[in-house]
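Architecture and fold: a report
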Amino acid sequence: MNYLIGIDLGTSSTKTVLFDEDGNVIASAGKDYPLYTPNNGWAEQKPEDWRNAALETIAKVVKESGVSADDIKGLGISGQMHGLVMLDENGDVIRPSIIWCDQRTEKECEEITEKVGAERLIEITANPALTGFTASKILWVRNNEPENYAKCKHILLPKDYVRYILTGEFATEVSDASGMQLLDVPKRQWSDEVLEKLDIDKNLLAKVYESPEVTGTILPEIAEKTGLSTSTVVVGGAGDNAAAAVGTGVVEDGKAFTTIGTSGVVFAHSSKISIDPKGRVHTFCCAVPGAWHVMGVTQAAGYSLAWYLDNMGVGYKDEAKEKGCSVYDLINADIEKTPIGANRLIYLPYLNGERTPHLDPDCRGVLFGLSSMHTKADIVRAVMEGISYSLTDCKDILSEMGVEVNDMMACGGGAKNGVQRQMMADMFGCDVNTVTATEGPALGVAILAGVGAGIYDSVESACRKMIHKDPSKECKTNLENKAKYDKFHEIYKNLYGCLKEQYKEIAKL
């Protein structure tokens, strides 16, 4: 039997999973690490923490499984995107990594837009300048820490730093590199034009591979520490969402997934590149060679429900504790007793500004139509509907761009909630399914490693073999419900236009 390892380098922890070639989990291990906020709006982590977590968890799964090192044929890494890792000429870390959620680079985004041009930037990188992306972080270090920038000889993304530790190779791959704002996304290579206009030396960047391509093998000293073999191949891997797509089988046209974590994502596969000229959704290279994905992101999807429970729904928590049940069992029971439209109550989930479709940092959450008749059941239903409307906005933009979806998978925390899944199926107008596997990104990059190691012919054929829908959790569209939701969704969409200028005014106060 052949075996594969998938590493999922997240923001709060790294998880390493050992799979057999059929996708069964043999062993898994995780390790947490801190996030640092030295100033308001800053977010940093120590790359050394990622290194230690990866080495420790690899060693643990290899030892616990008892699998022979020679039978572990490939390893793939999934990672949090956009983080900036800077190494000196000796390959040592210069400063903590500025990670994806850091917000310090607003001035640098203006600099990028001015130097490249707003339209041209979207044409090349498929996205407007955003504070989360890596290019603005590079400029921030150059503008504010010139001594560190002068020392820098290598720029890597988080997962690619772990690759360097494992293989000694400076490499990245197209899906993660797409989020740096330095890649020519249509051409799947570094953009000489953007690099020249931003005066960034191309030699600082790693070689770009396709996600299933072999980028190196395990170094002898790492093999000794982890129990791996020096013949184990390490493939390109993928950014977290691109890896999750492979791990849920979203690797062919017509397929998409929705995930509801803190934020919400609607992610669709496309064999043809499609770029939104307004920059409302992200277009990146995906983990399938020669294909792309289009992704809408909402800021406060699952977070809206968490915020409600912490501030307005404390009674649900107390009751759940008293009855010994899940708080979501109580919420779902109330939602199912409340009509579609929550008795004419609409929630806008813009607690921390919004990305898709508004790109507006000033907009905020709203409960519209609140009256004395409304109960906590109405409010919690409105919150869940508002989350689903925001995800429907994302899907509608994909349709507008010609990226049609007829097979939607649900993953993340929201996938576990049958009421939420049914709500999405009714609003989306397509069936919503889940997969039997729960490892997501780790399974996705293990599949990529299997392709690189020659176990599978292609990413698509590997997914057909290893990914299976859970028929017991299928949610089919109810067209009668969809017609009702559509009426409230129109009001939901119009509310932003009515409030847009007022959001700006209140932000000034």
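One structure accompanies this document, and this report is about it. (Residues numbered from 1 in each chain as written. Predicted model: local features only at pLDDT ≥ 70, side-chain atom pairs only at ≥ 80, totals over all residues. Heavy atoms only, no water.)

With that out of the way, let us pick up the pairing of strand β22 (residues 407-411). Among the five residues of β22, five are classified as buried, and the element is accordingly described as predominantly covered. Alternating positions in β22 separate into two faces, Asp407, Met409 and Cys411 on one and Met408 and Ala410 on the other, with burial throughout. Of the pairings in the sheet, the one linking strand β16 (residues 255-260) to β22 comprises five bridges and is parallel in character. What sits directly across from threonine 259, in β22, is cysteine 411. (Buried < 20%, exposed > 50% of the residue type's maximum accessible area, 1.4 Å probe, protein only. Helix = DSSP H or I, 4+ residues; strand = E, 2+ residues; numbered from the N terminus. Pairing = 2+ DSSP bridges.)

With that settled, the discussion passes to the environment of leucine 359. Inspection of the secondary structure assignment puts leucine 359 in the loop between β20 (346-348) and β21 (366-368). Relative accessible area serves as the criterion here: at 35%, leucine 359 is assigned to the partly exposed category. Among all residues touching leucine 359, those that are not within four sequence positions of it are Pro128, Lys278, Gly279, Arg280 and Glu354. (Contact = heavy atoms within 4.5 Å.)

Spatially, the six strands line up as an open sheet ordered β18-β19-β17-β16-β22-β23, and their pairing is mixed. Each edge of the open sheet carries a strand with a single partner, namely β18 (282-285) and β23 (432-433). Both β22 and β23 contribute to a ladder of two bridges, which runs parallel. Note that in β23 the partner of methionine 409 across the bridge is asparagine 433.

With respect to the helices, strands and loops of the structure, arginine 421 is situated in helix α15 (residues 418-428). Although arginine 421 is buried, it makes no salt bridge; aspartate 470 carries the closest opposite charge, 7.4 Å away. (Lys, Arg positive; Asp, Glu negative; His and termini not counted. Salt bridge = Lys/Arg side-chain N within 4 Å of Asp/Glu carboxyl O.)

Any space left empty among the atoms is revealed by the rolling of a water-sized probe across them. For the second largest pocket, the calculated volume is near 320 Å³. Forming the walls of the second largest pocket are 17 residues, and the residues nearest its centre are Leu305, Tyr328, Gly413, Gly414 and Asn417. Contributions of two or more residues to the lining of the second largest pocket are made by α11 (302-311), α13 (327-337) and α14 (376-400). Looking at the lining of the second largest pocket, the element that brings in the most residues is α11, giving four residues. Split into classes, the residues belonging to the lining of the second largest pocket amount to eight nonpolar, eight polar and one charged. (1 Å grid on protein atoms, 1.4 Å probe; cavity = no way out; pocket = protein on both sides within 12 Å on 5 of 7 lines; lining within 4 Å. Points joined across faces, edges and corners; volume = space filled by probe spheres on them. Nonpolar A, V, L, I, M, F, W, Y, C, P; charged D, E, K, R; others polar.)

Attention shifts here to empty space enclosed by the protein. Under the criterion given, the structure shown has one cavity of 30 Å³ or more. Size it by volume and the largest cavity reaches roughly 30 Å³. Taken together, Ala242, Ala245, Val246, Val250, Val251, Phe267, His269, Cys286, Ala287 and Val288 make up the lining of the largest cavity. Residue assignment for the lining of the largest cavity shows that the elements contributing at least two residues are α10 (240-247) and β17 (264-270). With three residues, α10 is the largest single contributor of residues to the lining of the largest cavity. Here the residues of the lining of the largest cavity sort into nine nonpolar, one polar and no charged.

Ranked by size, the top nonpolar core spans 60 residues in total, and within it Tyr316, Ile331, Leu348 and Met408 carry the most contacts. It is α14 that provides the largest number of residues to this core, a total of twelve residues. Look past the residues within four positions of isoleucine 331 in its chain and what remains in contact with it is Leu309, Tyr316, Val380 and Met384. Within the second largest apolar cluster, 42 residues are counted, among which are Ala242, Val250, Leu448 and Ala462. (Core = buried A, V, L, I, M, F, W, Y, C linked by side-chain atoms within 4.5 Å.)

For the coordinates displayed, the defined rule picks out ten aromatic pairs. Between the aromatic rings of phenylalanine 257 and phenylalanine 267, the centroid separation amounts to 4.7 Å while the plane-to-plane angle is 15 degrees, which identifies the pairing as stacked. A residue pair is termed long-range when its members are at least 10 positions apart, and phenylalanine 257 in strand β16 and phenylalanine 267 in strand β17 qualify at ten residues. For the pair shown, phenylalanine 257 and phenylalanine 267 are each scored as buried. Geometrically, the ring pair formed by tyrosine 350 and tyrosine 492 is tilted, given 6.5 Å between the ring centres and 55 degrees between the ring planes. (Phe/Tyr/Trp six-rings, centres within 6.5 Å; stacked < 30°, edge-to-face > 60°.)

What follows deals with helix α2 (residues 106-116). Among all positions in α2, only Glu108, Cys109, Glu111, Ile112 and Val116 are buried. Projected onto a plane normal to the axis of α2, the buried residues spread over an arc of 155 degrees and lie on a single side. Along α2, exposed side chains directed more than 90 degrees from the buried face belong to Glu106, Lys107 and Glu114. Residues of α2 that are buried make contact with α3 (118-125), α4 (134-144) and α8 (192-198). (Arc of directions from axis to C-beta.)

On to the side chain of histidine 282. Structurally, histidine 282 is set in strand β18. Classification of histidine 282 as buried rests on a relative accessible area of 5%. Of note is the side chain of histidine 282, whose polar atom sits 2.8 Å from the side chain of asparagine 127. (Polar contact = N/O pair within 3.5 Å; in protein donor to acceptor, adjacent residues only side chain to side chain.)

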